[in-house]
Amino acid sequence: ANCGDEKARIEAEDGFVVVHTSKSGVVTSRVCGAIAVSRAFGDVGLQPFLIADPHVEGPVSIADAAFLIIACDGVWDVLTDEEAVRVVAAAPRAAAADKLMRKAFALGSTDNISAMVIDFRKPQ
């Protein structure tokens, strides 16, 4: 719900976005005051404001991708796509998701923090 186009989409459906700043300075926007993501599975009570269409940045073809990051709002509240890619690219393969979650926590995320990294690179 932090993206401007998502806020406009939600408001066009007669929904609203509540913005909160934590003591550590993390700004979180919540759809109808309830959930910090606007794209997710479930939460039927928040439809049509919550949609299951994914947010995709970068290459759509996995043929050219080094890895895929799947993470919840606790990560994306405090890290941009580019920052997350840098964290994962610099981490040992087996520790990439853990490093990403620890970085989000260190940056003050106050939401659920979970991540999965699928590595497409050939083993070395």
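Everything below is about the structure printed above this text.
If you're wondering where the values come from, they're calculated on a predicted model, not measured in any experiment.

Q: Explain a nonpolar patch on the surface to me, and be specific about the residues and the numbers.
A: Taken together, the side chains of Ile62, Leu68, Ile70, Met116, Ile118 and Phe120 define a hydrophobic patch exposed on the protein surface, amounting to about 500 Å² of accessible area. If you list the elements that add at least two residues to the nonpolar patch, you get strand S3 (67-71) and strand S4 (115-119). By secondary structure assignment, the location of Ile70 is in strand S3.

Q: Can you explain the environment of Arg102? Please cite residues and give values.
A: Here Arg102 is to be found in helix H4 (residues 96-106). As a C-alpha pair, Arg102 and Ile113 span 11 residues in sequence and 8.7 Å in three-dimensional space. At 2.8 Å, the side chain of Arg102 and the side chain of Asp98 are in polar contact.

Q: Outline the side chain of Glu6, supporting the account with residue identities and numerical values.
A: Summarising the element assignment, Glu6 is placed in helix H1 (residues 4-12). Of note is the side chain of Glu6, whose polar atom sits 2.6 Å from the side chain of Ser38. Residues within four places of Glu6 in sequence aside, it is in contact with Ser38 and Arg39.

Conventions adopted
Residues numbered from 1 in each chain as written. Predicted model: local features only at pLDDT ≥ 70, side-chain atom pairs only at ≥ 80, totals over all residues. Heavy atoms only, no water. Patch = residues over 30% accessible without salt bridge, like charges linked within 9 Å, V, L, I, M, F, W, Y side chains within 5 Å. Areas by Shrake-Rupley, 256 points an atom, 1.4 Å probe, with all protein chains shown as cover. Salt bridge = Lys/Arg side-chain N within 4 Å of Asp/Glu carboxyl O. Helix = DSSP H or I, 4+ residues; strand = E, 2+ residues; numbered from the N terminus. Polar contact = N/O pair within 3.5 Å; in protein donor to acceptor, adjacent residues only side chain to side chain. Contact = heavy atoms within 4.5 Å.

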